[in-house]
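Architecture and fold: a report
So you can see what is in the structure, the chains are spelled out below.
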Amino acid sequence: TQGGQTFYLFKMKASRLWDLTQINRRSEDKVAGYQRALSASRVKSIARFIASNGLIPGSIIVSFDKGEFSETSGNLTLPNRKNIGWIIDGQHRMAGAKEAAEKGVDPELPIVAFLKLKLEKQIALFVTINKEARSVPASLYIDLLKHLPHKKTEKDLTDERIADITRSLDSDETSPFHQRIAFTRQASKGEISLVNFARILRPHLARQAGILGLCTEVEQEGAINNYYRALKLAFPEAFKKEPSIFFRTIGFGAVWRAFPLAFNLANSKFRSVSAASFAKVFSTIKGFNFEAWEQLGTGTAAEIQAGDDLVAELQEAFTEG
């Protein structure tokens, strides 16, 4: 017993444990769960290592939904059914050992088992184990924030809201961001990672200082959607080009650097922040050369320069007007 929690230690063949448990993972098509998506290459590498007589001494940490422990006999009894437990830590080792077992090498694995551990406790244990040891991906950490029991900072609360908004945007078939946000893996071309989305949008959504800070979550999501719908309306050629400059790191950072100005212009000149109003703002600079951004390189300095160029162009257009 540690920290008010009781757990049990025993050994079990990899093939047997595989039948009893599930790897509960966060993936792009499954909202429920909390694990990182499995790396197929990593699983195969572990399987080859075990099959070649490699040593895997680290314990697999599991939470079983059902089970009973007898103080009298010292026996832990589990239901003889499939998928009665979740792998909290060691999912790659477990999957690799299972593949090795299929090739004839079925290792005994050391197991640390919890019984009926609440989901919040499972998540907190997973993050505690992985965050320092192997550095949990920042996008995953943001995605899990709302499930963690620790006291939240203002930044945490903003990131929680961003995670909810991005989930909604990514699943909305009418949104320009539909299936363009990467939550648990490295973003591919034409995608924005959750951590980059949070980095860029956090200043605008912060409750105390952000231009959208006092808006409801629905209003914030609407403004984000409308801004990108307007870019699609005003600059169709740049938007449809794959990968679109607006979904590349430099372009994403740059257009959101111009957001406060565009937001204020849409409000003051056209009395709303609808997609149509944003599009009217951008219509004043229809000839803007987005291709020039590709010559600026990468990094924060390039994003700032590209964004400042867009801001300057808008300021000039409305000053002349």
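Structure first, text after, so check above.
Throughout what follows, the structure given in this document is the object of discussion. Remember, predicted model here, so these are calculated numbers, not experimental data. (Residues numbered from 1 in each chain as written. Predicted model: local features only at pLDDT ≥ 70, side-chain atom pairs only at ≥ 80, totals over all residues. Heavy atoms only, no water.)

End to end, helix H6 (residues 154-171) covers 26 Å across 18 residues, agreeing with the expected 26 Å (1.5 Å per residue, within 8%). For H6, the complete set of buried residues consists of Asp-156, Thr-158, Asp-159, Glu-160, Ile-162, Ala-163, Ile-165, Thr-166, Arg-167, Leu-169 and Asp-170. (Helix = DSSP H or I, 4+ residues; strand = E, 2+ residues; numbered from the N terminus. Expected span 1.5 Å × (residues − 1). Buried < 20%, exposed > 50% of the residue type's maximum accessible area, 1.4 Å probe, protein only.)

The terminal C-alpha atoms of helix H11 (residues 259-270) lie 15 Å apart, and with twelve residues this matches the ideal 16 Å at 1.5 Å per residue to within 8%. Residues Phe-259, Ala-262, Phe-263, Leu-265 and Ala-266 constitute the buried set of H11. Down the axis of H11, the buried side of the element spans an arc of 165°, and every buried residue falls inside it. Residue Arg-271 follows H11 closely and has a positive phi angle near 65°. (Arc of directions from axis to C-beta.)

The strand order S1-S7-S3-S6-S2 describes an open sheet built from five strands, whose pairing is mixed. The sheet is open, and its two edges are formed by strand S1 (7-13) and strand S2 (21-22), each paired on a single side. When strand S3 (residues 60-64) meets strand S7 (residues 108-115), the two strands line up parallel, connected through five bridges. Bridging from a neighbouring strand, Val-62 pairs with Ala-113 of S7. Sitting on the sheet, helix H3 (residues 91-102) touches S3, strand S6 (85-89) and S7, and the angle it makes with S6 is about 120°. (Pairing = 2+ DSSP bridges. Contact = heavy atoms within 4.5 Å. Axes fitted to C-alpha atoms, helices over the stretch in contact; angles between N-to-C directions.)

Once that is clear, we can look at the packing of aromatic side chains. By the definition in use, this model includes 29 aromatic pairs. Here Tyr-228 and Phe-239 contribute two aromatic rings whose centre-to-centre distance is 6.3 Å and whose plane-to-plane angle is 70°, an arrangement assigned as edge-to-face. Taken together, the residues span a long stretch of sequence, with Tyr-228 in helix H8 (residues 217-234) and Phe-239 in helix H9 (residues 236-240) at a distance of eleven residues. Classification of Tyr-228 by relative accessible area gives buried; the value is 0%. Across from the ring centre of Phe-183, 3.8 Å away, lies the NZ or CZ of Arg-167, which sits over that ring. (Phe/Tyr/Trp six-rings, centres within 6.5 Å; stacked < 30°, edge-to-face > 60°. Lys NZ or Arg CZ within 6 Å of the ring centre and 35° of its normal.)

The biggest cluster of nonpolar side chains holds 53 residues, and the ones touching the most others in it are Phe-197, Tyr-227, Tyr-228, Phe-246, Trp-256, Phe-282 and Trp-293. Every element with two or more residues in this core is listed here: H6, helix H7 (194-205), H8, H9, helix H10 (249-257), H11, helix H12 (275-283) and helix H13 (300-320). Those residues within four positions of Phe-246 in sequence are excluded, and the remaining contacts are Tyr-228, Leu-231, Phe-235, Ala-238, Phe-239, Gly-251, Phe-252, Val-255 and Phe-290. Within the second largest apolar cluster, 22 residues are counted, among which are Val-43, Met-94, Leu-109 and Leu-115. (Core = buried A, V, L, I, M, F, W, Y, C linked by side-chain atoms within 4.5 Å.)

Our focus in this paragraph is unusual backbone geometry. Note the cis peptide between Glu-242 and Pro-243, where omega equals -5°. Counting through the fold element by element, Pro-243 comes out in the loop between H9 and H10. The backbone of Gln-179 shows a phi angle near 55°, a positive value even though the residue is not glycine. Relative to the helices and strands, Gln-179 is located in the loop between H6 and strand S8 (181-182). Backbone geometry at Arg-271 places phi at a positive 65°, although glycine is not the residue there. Mapped onto the secondary structure, Arg-271 falls in the loop between H11 and H12. A relative accessible area of 65% places Arg-271 in the exposed class.

Moving on to the environment of Gly-85. By the element assignment, Gly-85 lies in strand S6. Measuring from C-alpha to C-alpha, the distance between Gly-85 and Leu-115 comes to 8.9 Å, with 30 residues separating the pair along the chain. Setting aside residues up to four positions removed in sequence, Gly-85 forms contacts with Leu-20, Thr-21, Gln-22, Val-62, Ser-63, Phe-64 and Asp-65.

Bringing the packing of H7 against H10 into the picture now. Packed helices, taken two at a time, are described by their axes: the angle between them and the distance between them. The interhelical angle for the contact between H7 and H10, taken along N-to-C directions, is 5°, at an axis separation of 10 Å. Looking at the two axes, H7 sits roughly parallel to H10. Contacts from Asn-196, Phe-197, Arg-199, Ile-200, Leu-201 and His-204 in H7 reach Thr-249, Phe-252, Gly-253 and Trp-256 in H10. Split into classes, the residues belonging to the contact of H7 with H10 amount to five nonpolar, four polar and one charged. (Parallel < 35°, antiparallel > 145°, perpendicular 65-115°, else oblique. Nonpolar A, V, L, I, M, F, W, Y, C, P; charged D, E, K, R; others polar.)

Attention now moves to the pairing of S7. Most of S7 is tucked away: six of the eight residues are buried. Across seven bridges, the pairing between S1 and S7 is antiparallel. In the strand pairing of S7, Phe-10 is matched with Ile-111.

Relative to the helices and strands, Glu-191 is located in the loop between S8 and strand S9 (192-193). In this structure the side chain of Glu-191 is engaged in a polar contact, spanning 2.8 Å, whose partner is the backbone nitrogen of Ser-188. Not counting the four nearest positions on each side in its chain, Glu-191 is found in contact with Gln-179, Arg-180, Ala-182, Arg-185 and Phe-247. (Polar contact = N/O pair within 3.5 Å; in protein donor to acceptor, adjacent residues only side chain to side chain.)

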